[in-house]
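Structure assessment
Residue strings, one per chain:
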Amino acid sequence: MINVRVVMKTTAVLMMSALMLVSCANPINLNTAQRYAQGCLEFQHQGEWWKARQACGRAAVNAELGGANPQAIAVLWYEYGRASGVICDYPEANKALEKSLELDKANNGAVIMDYFELARLHFDQKLFKEASIYYRSGVAATPKELMAQDPIGYADVLGEYSEALKQIGDVESSEKVISEARELRSSNPNANSLTKRTPYGKFCDQKS
């Protein structure tokens, strides 16, 4: 599945613009949020996930204090959650991603990637029952036109979903899901995934 956050929200320009799309905002907090949000993205690109988590969190708090666009706040908690999971702070990651999901639900945001990110967070911890629930919600929320934008990325998601179902003993559903993934791959033989997967649990040694 195409990474909705990357395409729609988390480029620096779009994130900075989204923070300002609100009336009666506090410009001091919003400017601070913008600076930290920029650092959040830059540290991620550098592989400095602990620093990214710190910057993302400060951006989110200042965005809230500044009265930023709720969808922009959701993005920042989403990124904070991802960074927390990468450095193995799984409770904090789950908390932040759930917060992003609730904000997006209430404000017509990108719930699809909230669901899939929560699914992958749990999948990588081998919490397959919880993962399968989030995968199911993400699949149900994905329109066909969005699926078509990144068929191989979506096939990857379905492959994980199938494995989660298999691990909890739902073999029949697992086979149905993996069959759809195979069909997508066979129908798009020259396509590559556009999605860059969050490396959950890969930088547990980053503590400062």
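Up top is the structure.
Going along each chain's sequence as written, the residues are numbered from 1 onward. Owing to the predicted nature of the model, reporting of local features is limited to residues with pLDDT of at least 70; listing and counting of side-chain atom pairs is limited to 80 or more, with chain, interface and lining totals taken over all residues. Neither water nor hydrogens contribute to the side-chain values; these are computed over all heavy atoms in the structure.

Let's shift gears to the overall build of the protein chain. Numbering of helices and strands runs from the N terminus, with a helix taken as a DSSP run of H or I at least four residues long and a strand as a DSSP run of E at least two residues long. What the protein chain contains, in helices and strands, is 11 helices and zero strands. Listing the helices and strands of the protein chain from first to last along the sequence gives α-α-α-α-α-α-α-α-α-α-α. Here the protein chain, with 208 residues, has 49% of them falling under the buried criterion. Within the protein chain, residue pairs in contact and separated by at least 24 positions form 67% of the contacts whose partners lie at least 6 positions apart. Accessible surface, the protein chain: about 10100 Å² in total, of which carbon and sulfur atoms supply 53%. Summary of the burial criterion: residues with accessible area below 20% of their type's maximum are buried, those above 50% are exposed, and those between are partly exposed, where the area comes from a 1.4 Å probe applied to protein chains only. Contacts are assigned to residue pairs that have any heavy atoms within 4.5 Å of one another. Throughout, the Shrake-Rupley method with a 1.4 Å probe supplies accessible areas, and for residues the shown protein chains are the sole cover considered.

It is worth spelling out the state of the cysteines at this point. When two cysteine sulfur atoms are found within 2.5 Å, that pair is recorded as a disulfide. Scanning all chains against the criterion turns up two disulfides. Across the disulfide from Cys-88 sits Cys-204; the S-S distance is 1.6 Å. In this pair, Cys-88 sits in the loop between α5 (70-86) and α6 (90-106) while Cys-204 sits in the segment after α11 (171-187), placing the two residues 116 residues apart along the sequence. Owing to a relative accessible area of 22%, Cys-88 belongs among the partly exposed residues under this scheme.

Turning next to the packing of helix α8 (residues 128-141) against helix α10 (residues 151-167). For helices, the fitted line uses only the C-alpha atoms of the stretch in contact; every axis is such a line through C-alpha atoms, and the angle between N-to-C directions lies from 0 to 180 degrees. α10 packs onto α8 with a crossing angle of 140° between their chain directions and a minimal axis gap of 9 Å. It follows from the interaxial angle that α8 and α10 lie oblique. Considering how the two elements wind past one another, α8 and α10 form a crossing that is left-handed. Where α8 abuts α10, its residues Phe-128, Ser-132, Tyr-135, Arg-136 and Val-139 lie against Tyr-154, Val-157, Leu-158, Glu-160, Tyr-161, Ala-164, Leu-165 and Gln-167. Across the contact of α8 with α10, the residue classes tally to nine nonpolar, two polar and two charged. Reported orientations rely on four angle classes, namely roughly parallel under 35 degrees, roughly antiparallel over 145, roughly perpendicular from 65 to 115, and oblique for the rest. Here is the rule for handedness: rotate from the far helix to the near one, and if that takes an anticlockwise turn smaller than a right angle the crossing is left-handed, while a clockwise turn gives right-handed. The residue classification treats Ala, Val, Leu, Ile, Met, Phe, Trp, Tyr, Cys and Pro as nonpolar and Asp, Glu, Lys and Arg as charged. All others, Gly included, are polar.

The next point concerns the nonpolar core. Remark: nonpolar core denotes a set of buried residues (Ala, Val, Leu, Ile, Met, Phe, Trp, Tyr, Cys) joined through side-chain atoms within 4.5 Å. Core analysis: the largest hydrophobic core is formed by 31 residues, its most contacted members being Leu-97, Phe-116, Phe-123, Tyr-135, Tyr-154 and Leu-158. Within the residue set of this core, elements represented by two or more residues are α6, α7 (111-123), α8, α9 (144-149), α10 and α11. Element by element, the count of residues in this core is highest for α7, at nine residues. When neighbours within four sequence positions are excluded, Leu-97 is seen to be in contact with Trp-77, Tyr-78, Gly-81, Arg-82, Glu-117, Leu-118, Leu-121 and Tyr-200. Leu-30, Ala-59, Ile-73 and Ala-96 belong to the second largest nonpolar core, which has 15 residues in total.

Remark: α7 packs on α10, axes separated minimally by 11 Å, with the N-to-C direction vectors making an angle of 45°. With respect to α10, the element α7 is oriented oblique. In the packing of α7 onto α10, the handedness of the crossing is left-handed. Across the interface between the two elements, Phe-116, Arg-120 and Phe-123 from α7 touch Tyr-154, Asp-156, Val-157, Glu-160, Glu-163 and Ala-164 from α10. Residues that form the contact of α7 with α10 fall into these classes: five nonpolar, no polar and four charged.

Working definition: rings of Phe, Tyr and Trp (its six-membered ring) pair if their centres are within 6.5 Å, and the pair is stacked with planes under 30 degrees apart, edge-to-face with planes over 60 apart, and tilted otherwise. Within the structure shown, the criterion is met by four aromatic pairs. Ring centres 5.4 Å apart and planes at 80° place the aromatic pair Phe-123 and Phe-128 in the edge-to-face group. For the pair Phe-123 and Phe-128, one class covers both residues: buried. On the numbers, 5.8 Å between centres and 25° between planes, the contact of Tyr-135 with Tyr-161 is stacked.

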